[in-house]
Amino acid sequence: MTVNPSTAVARRLVSALVGAGVEHVVYCPGSRDAPIGYALADAEAAGWLHVHVRLDERSAGFVALGLSRGSMMEGLWRPAVVVTTSGTAVANLHPAVLEADASGVPLIVCSADRPHEMWQTGANQTTTQEGIYGTAPRFFGAIPAGFPADDRLDGLVLRAVTAASGALSSDPGPVHLNVGFRDPLVPDEPWHPVPPKPRVVDRIVRPSTPVFMPPHTVVVAGDGAGRDAVALAEEGCWPLLAEPSSGARVGENALTDYQGVLGTNLADEVEAVLVLGHPTLSRPVTRLLANQPVTVVADGSRWTDVAGGARVVPGPITVRTASRDEAWLARWKRADHPVAATRKDEICAAIWADACRGVGPLLVLGASAVIRSFDRCAVPEQRGPVAIANRGLAGIDGTASTGVGLHLGLGMPVRVVVGDLTAAHDATALLRGAAERDIDVQVVVLNDAGGAIFTGLEHAAAPRPVLERFFLTPQELDLAGLAKTVGARYQCVETTDFLTESVRGRSIVEVTLPQV
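Residues numbered from 1 in each chain as written. Predicted model: local features only at pLDDT ≥ 70, side-chain atom pairs only at ≥ 80, totals over all residues. Heavy atoms only, no water.

Asks: I'd love a proper account of the overall build of the protein chain, names of residues and values included.
Replies: When helices and strands are counted, the protein chain shows 16 helices and 19 strands. The C-alpha atoms of the protein chain give 24 Å as radius of gyration, which agrees with the globular expectation for 516 residues (24 Å, within 12%). With the principal axes as the frame, the protein chain shows a C-alpha extent of 80 × 55 × 45 Å. Evaluated residue by residue, the protein chain yields a buried proportion of 54% over its 516 residues. Element-wise, carbon and sulfur atoms account for 53% of the exposed surface of the protein chain, whose accessible area totals about 21400 Å². (Helix = DSSP H or I, 4+ residues; strand = E, 2+ residues; numbered from the N terminus. Rg over C-alpha atoms; globule rule 2.2 N^0.38 Å. Buried < 20%, exposed > 50% of the residue type's maximum accessible area, 1.4 Å probe, protein only. Areas by Shrake-Rupley, 256 points an atom, 1.4 Å probe, with all protein chains shown as cover.)

Asks: Which residues make up empty space enclosed by the protein, and what are the values?
Replies: Per the counting criterion, the structure on display carries 3 cavities of 30 Å³ or more. Within this model, the largest cavity holds a volume of roughly 130 Å³. Lining the largest cavity are 15 residues, and of these Ala400, Ala423, Asp426, Val443 and Ile508 sit closest to its centre. Only α13 (399–410), α14 (420–425), β17 (441–447) and α16 (479–486) provide two or more residues apiece to the lining of the largest cavity. It is α16 that contributes the most residues to the lining of the largest cavity, 3 residues altogether. Across the lining of the largest cavity, the residue classes break down as 12 nonpolar, 2 polar and 1 charged. (1 Å grid on protein atoms, 1.4 Å probe; cavity = no way out; pocket = protein on both sides within 12 Å on 5 of 7 lines; lining within 4 Å. Points joined across faces, edges and corners; volume = space filled by probe spheres on them. Nonpolar A, V, L, I, M, F, W, Y, C, P; charged D, E, K, R; others polar.)

Asks: An account of the sheet that holds strand β16 (residues 414–419) is needed here, citing residue identities and associated values.
Replies: One open sheet holds the 6 strands; their spatial order is β15-β14-β16-β17-β19-β18, and the pairing between them is parallel. Bordering the open sheet on either side are β15 (387–388) and β18 (489–493), each of which pairs with just one other strand. Relative to strand β19 (residues 506–512), β17 runs parallel, the two being bridged by 7 bridges. Across the sheet, the residue bridging to Val444 is Val509, located in β19. (Pairing = 2+ DSSP bridges.)

Asks: Lay out the packing of helix α3 (residues 57–73) against helix α5 (residues 94–103) with the relevant residues and their values.
Replies: Interaxial distance between α3 and α5 falls to 8 Å at its minimum, and their mutual angle equals 25°. Classed by the angle they form, the pair α3 and α5 counts as roughly parallel. Facing α3, whose interface residues are Arg58, Gly61, Phe62, Leu65 and Arg69, α5 presents Pro95, Ala96, Glu99, Ala100 and Ser103. When grouped by side-chain class, the residues that make up the contact of α3 with α5 number 5 nonpolar, 2 polar and 3 charged. (Axes fitted to C-alpha atoms, helices over the stretch in contact; angles between N-to-C directions. Parallel < 35°, antiparallel > 145°, perpendicular 65-115°, else oblique. Contact = heavy atoms within 4.5 Å.)

Asks: Can you explain the pattern of salt bridges? Please cite residues and give values.
Replies: By the definition in use, this model includes 20 salt bridges. The residue Arg376 makes a salt bridge to Asp257 at a minimum N-O spacing of 2.5 Å. One end of the pair, Arg376, is in helix α12 (residues 369–377); the other, Asp257, is in the loop between β9 (240–242) and α8 (258–261), with 119 residues separating them in the sequence. Among the residues examined, Asp257 registers a relative accessible area of 8% and is labelled buried. The shortest N-O distance in the salt bridge between Asp354 and Arg415 comes to 3.6 Å. Taken together, the residues Asp354 in helix α11 (residues 343–356) and Arg415 in strand β16 connect sequence positions 61 residues apart. Owing to a relative accessible area of 1%, Arg415 belongs among the buried residues under this scheme. A single network of salt bridges, built from pairs that share partners, joins Asp101, Arg138, Asp171 and Arg302. (Salt bridge = Lys/Arg side-chain N within 4 Å of Asp/Glu carboxyl O.)

Asks: Run through helix α9 (residues 283–291), naming residues and quoting values.
Replies: An α-helix turns once every 3.6 residues. As a result, residues three or four positions apart point the same way. Residues of α9 that are buried include every one of Pro284, Val285, Leu288 and Leu289, and no others. Buried residues in α9, looked at end-on, bunch into an arc of 135°, giving them a common side. In this fold, the buried residues of α9 make contact with β8 (217–221), β9, α8, β10 (272–276) and β11 (294–298). A distance of 3.3 Å separates the backbone nitrogen of Val285 from a side-chain oxygen at the start of α9, and that oxygen is part of Ser282. (Arc of directions from axis to C-beta. Polar contact = N/O pair within 3.5 Å; in protein donor to acceptor, adjacent residues only side chain to side chain.)

Asks: Can you lay out the pairing of β8 for me, pointing to particular residues and giving the numbers?
Replies: Among the 5 residues in β8, 5 count as buried, and that is most of the element. Both faces of β8 are covered, namely the face carrying Thr217, Val219 and Ala221 and the face carrying Val218 and Val220. Where β8 meets β9, 3 bridges bridge the pair, whose relative direction is parallel. Counted as the bridge partner of Val219 is Leu240 from β9.

Asks: Which residues make up the sheet that holds β9, and what are the values?
Replies: What the 5 strands build is an open sheet, ordered β9-β8-β10-β11-β12; its pairing is parallel. Only two strands of the sheet have a single neighbouring strand rather than two, namely β9 and β12 (311–314). The sheet shows a mean angle of 20° between the axes of neighbouring strands, taken without regard to direction. Here β11 pairs with β12 via 4 bridges, running parallel. Paired with Ala298 across the bridge in β12 is Pro314. Helix α7 (residues 228–236) rests against β8, β9 and β10 of the sheet, and its axis sits at about 155° to β10.

Asks: Explain the environment of Gly47 to me, using residue names and the numbers behind them.
Replies: Structurally, the position occupied by Gly47 is in the loop between α2 (34–45) and β2 (50–53). In the structure, Gly47 is positioned 137 residues away from Pro184 in sequence and 27 Å away in space, judged by C-alpha atoms.

Asks: Describe in detail the nonpolar core, supporting the description with residues and values.
Replies: As a rule of thumb, nonpolar side chains are buried together in soluble globular proteins. Val416 and Leu430 are the most contacted members of the largest nonpolar core, which has 44 residues in total. Looking at which element gives the most residues to this core, the answer is α3, with 6 residues. Excluding residues within four positions of it along the chain, Val416 makes contact with Val364, Thr399, Ala400, Gly403, Val441, Gln442, Val443 and Val444. The next biggest cluster of nonpolar side chains, apart from the first, holds 42 residues, and it includes Ala221, Leu232, Val296 and Val319. (Core = buried A, V, L, I, M, F, W, Y, C linked by side-chain atoms within 4.5 Å.)

Asks: Report on unusual backbone geometry, specifying residues and quantitative values.
Replies: In this structure, Pro184 follows Asp183 across a cis peptide bond, with omega equal to 0°. Within the secondary structure layout, Pro184 lies in the loop between β6 (174–180) and β7 (209–212). Backbone torsion omega between Gly315 and Pro316 reads 0°, so that peptide bond is classified as cis. Relative to the elements of secondary structure, Pro316 occurs in the loop between β12 and β13 (317–320). Positive phi, close to 55°, is recorded for Trp77, a residue that is not glycine. Residue position: Trp77 is located in the loop between α3 and β3 (80–84). For Trp77, a relative accessible area of 23% gives the class partly exposed. In this structure, Ala394 takes a positive phi of about 55° despite not being glycine. Residue position: Ala394 is located in the loop between β15 and α13.

If you want it as structure tokens, here you go:
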């Protein structure tokens, strides 16, 4: 018996994705994407991949982003796939797509669509899905209804996965596949999948580039810089200014409150700056990068150069210097006097220290004031924690959902640390379908009743009523009620005693802080 065209395309699509290395799919229920859902169910039953069902597409997009980040941490660079039905469901993925674009995270959106004859007719759940994400995708593939379920579809999927992973371009990011389906949307007969033939494009490995730097260099490690920044700083005997999500805030060269040191005369003696990753957190670093000779180590075609005058070299690199000035590093270390100015700072420092002690939960750090508290107060140790943040566009979208995806991909417990507004923005992240397995994710909410970051910006001078209503925006969010609604445990604390407990299951810990 010949299966109907929609079923044939869906099954071939899933087979091609698995053959190209995809291991995780986030599926959002719908009618138009049902052919893919049936195919995923059979493929998962056969042990091909892992399927995670989510109701909220905006959350689902960030769950997939977290899954992809987990693959990057394992050195695999395999994109997770998020599948949606047609209509507004596709648009709800846009924030995750933009973050994947800006942060260079592989991600594949597979959106189901109505057949072409239903476009521009006013038919239900029909919108223009082709090009909906603008310039963000690395690749767009249209699979119209009736597309042949043969090698041509396999080839298109391989192009999509290769583009998302950045295997050939060194520019990973989001990809969009838009798949049209005609009725019937239900399979005619069961599917007994045969394992697909693997078709994976290997990543390009570049040789090391030698780079000369003067003795009075500082190393700036932004988001995602990795341990290369640590090795380079130690090789050159240079101070290391490492953001919490850099993966480099560790070792003897790393400073704690480097922002404070940049406010001293030492900043005037800097001869050059070596930049890795995506630095975004502090204005003192931005000023440093604007006023000194900068060398950026770039892994691909995108890099951070706000002032526009940096020398760009392809990574990896080996450094050469005229001489090692150990006194240079020692002076920076002596000038590093971190001060936990607020109770939020103290709590963030304690969370970081706890994560450095041993095999603790992976950390996901929320944007805005939270990650900046870590940046000023997290003391580098010999073994640093794994700390992740969505710093591509630094939005508060999907922070907890990203943590859920990281847990699902890596199997590690995850502690997400956010402010109260970020928690409200991703309130459904811990919602779990009754048929889905439970997860070990703890969301720590540092509740100061508002957007604390604005008290440190020029907007703090606004009249208090304007500041509070238009910037701080305190919310009446009942976190205990939210936890009960999504089926998570809840506790309200004033200390960090909760750090002595293991992260098991879903939980929300509310830390009450003075109101901003």
